[in-house]
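An overview of the molecular structure
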Amino acid sequence: MNNRLTDRRGRSTTAGLGVVLAALALAGCATADAADDDGGSAALAAQGVTLSDAWVKAADSGMSAAFGGLTNSGAQDVTVVSATTEASSMLELHETVENETGELVMREIDGGFVIPAGDTLTLEPGGSHIMLMDLADPLEAGDEVTFTLTFSDDSTYEFTAPVKDYSGANENYVGGDTGSGTDG
């Protein structure tokens with residue numbers, strides 16, 4: 001049996017075989033890349049995240065905070081890197097830690113909130129939370145505030161939370177590297 005390709009005139013051609021094999025290889029690569037581009041193996045972080053029991057602390061001016069349970073139903077950890085809202089010109093993702101004197105202080109969390117795969121990150125007074133600084137207007141009980149969370153893959157998740165009265169969790173805020181705190 002002859003394994004050579006022949007042209008229309010019956011002449012054998014090994015160059016033709018090379019061209020056909022190269023075309024088939026490229027077609028196989030293109031198909032695999034297209035499947036990945038369609039999200040076949042990597043889902044957007046925001047698609048697997050939901051928020052439950054969201055609420056915002058009422059405040060006349062200055063600072064407030066948003067709370068709730070962020071659940072990641074996905075198979076991979078996701079990271080919230082920022083939050084925005086029209087209610088405040090400056091938001092930070094905060095954690096609450098104990099300082100060297102044993103006092104609880106709030107500080108911006110380096111790298112954002114990691115929500116483990118198949119788990120819930122609880123945002124709560126005295127713990128992790130979304131800090132609203134420089135409020136645009138007073139936040140009164142019964143109002144609603146809409147937020148947009150941005151994840152490390154640039155996907156976003158929008159939610160609306162009711163404003164509630166709350167007087168607990170009086171940690172200090174440690175801004176930047178200054179070490180000075182203000183009541184929050």
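Since we're looking at a predicted model, the values are computed, not measured. (Residues numbered from 1 in each chain as written. Predicted model: local features only at pLDDT ≥ 70, side-chain atom pairs only at ≥ 80, totals over all residues. Heavy atoms only, no water.)

Structural notes on the pairing of strand β11 (residues 144-151)
Of the pairings in the sheet, the one linking strand β5 (residues 78-85) to β11 comprises 5 bridges and is antiparallel in character. If you follow T84 over to β11, its bridge partner there is T148. Bridging between β11 and strand β12 (residues 156-164) involves 7 bridges; their strand directions are antiparallel. Following the sheet pairing, F147 is matched in β12 by F159. Once β11 ends, the chain turns through 4 residues before running back antiparallel as β12, passing D154 with a positive phi of about 70°. (Pairing = 2+ DSSP bridges. Helix = DSSP H or I, 4+ residues; strand = E, 2+ residues; numbered from the N terminus.)

A word on the side chain of S155
Within the secondary structure, S155 is located in the loop between β11 and β12. Under the relative-accessibility criterion, S155 is labelled buried at 7%. One polar contact links the side chain of S155 to the main-chain amide nitrogen of A46, over a distance of 3.1 Å. Only 2.6 Å separates the side chain of S155 from the side chain of D153, close enough to count as a polar contact. Among all residues touching S155, those that are not within four sequence positions of it are L44, A45, A46, L149 and T150. (Buried < 20%, exposed > 50% of the residue type's maximum accessible area, 1.4 Å probe, protein only. Polar contact = N/O pair within 3.5 Å; in protein donor to acceptor, adjacent residues only side chain to side chain. Contact = heavy atoms within 4.5 Å.)

Describing the environment of S167
Counting through the fold element by element, S167 comes out in the loop between β12 and β13 (172-174). Spatially, the C-alpha atom of S167 lies 9.9 Å from that of P125, the residues being 42 residues apart in sequence.

Points about the nonpolar core
In terms of nonpolar packing, the biggest core is built from 33 residues, with I130, F147, L149, F151 and F159 touching the most fellow members. Those residues in contact with F151, other than ones at most four positions away along the chain, are A45, A46, V49, V78, T79, V80, V81, I115, T156 and Y157. By size, the runner-up hydrophobic cluster in this structure holds 6 residues, among which are A65, F67, M106 and M131. (Core = buried A, V, L, I, M, F, W, Y, C linked by side-chain atoms within 4.5 Å.)

Some thoughts on the pattern of salt bridges
Two side chains that carry opposite charge are able to pair once their charged atoms sit near each other. A full pass over the atoms with the stated rule returns 1 salt bridge. A salt bridge links R107 to E95; the shortest N-O distance between them is 2.9 Å. Note that R107 is positioned in strand β7 (residues 104-108) and E95 in strand β6 (residues 88-98), a separation of 12 residues in sequence. On the basis of relative accessible area, R107 is assigned to the partly exposed category, the value being 38%. (Salt bridge = Lys/Arg side-chain N within 4 Å of Asp/Glu carboxyl O.)

Quick word on the packing of aromatic side chains
If you walk through the whole model with that rule in mind, you get 4 aromatic pairs. A centroid spacing of 5.0 Å and a plane angle of 15° characterise the contact between F147 and F159, whose relative ring orientation is stacked. Pair noted here: F147 is in strand β11 and F159 is in strand β12, with a separation of 12 residues, a long-range link. F159 shares its class with F147; the two are buried. In textbook terms, an aromatic cluster arises when at least three aromatic residues are bridged by ring pairs, as seen for W55, F67 and Y166. (Phe/Tyr/Trp six-rings, centres within 6.5 Å; stacked < 30°, edge-to-face > 60°.)

Describing the pairing of strand β4 (residues 64-72)
Extensive coverage of β4 is indicated by the burial of 8 of its 9 residues. Note: strand β3 (residues 49-57) against β4, 6 bridges, orientation antiparallel. From the neighbouring strand, W55 faces β4, where its bridge partner is F67. Counted between consecutive antiparallel strands, the loop separating β3 from β4 contains 6 residues, among which G62 sits at a positive phi close to 80°. Relative to strand β10 (residues 129-135), β4 runs antiparallel, the two sharing 3 bridges. Along β10, the bridge assignment pairs A65 with M131. Summarising the sheet, β4 and strand β9 (residues 119-123) pair through 5 bridges and their orientation is antiparallel. Residue T71 lies in a different strand from β9, and its bridge partner there is T120.

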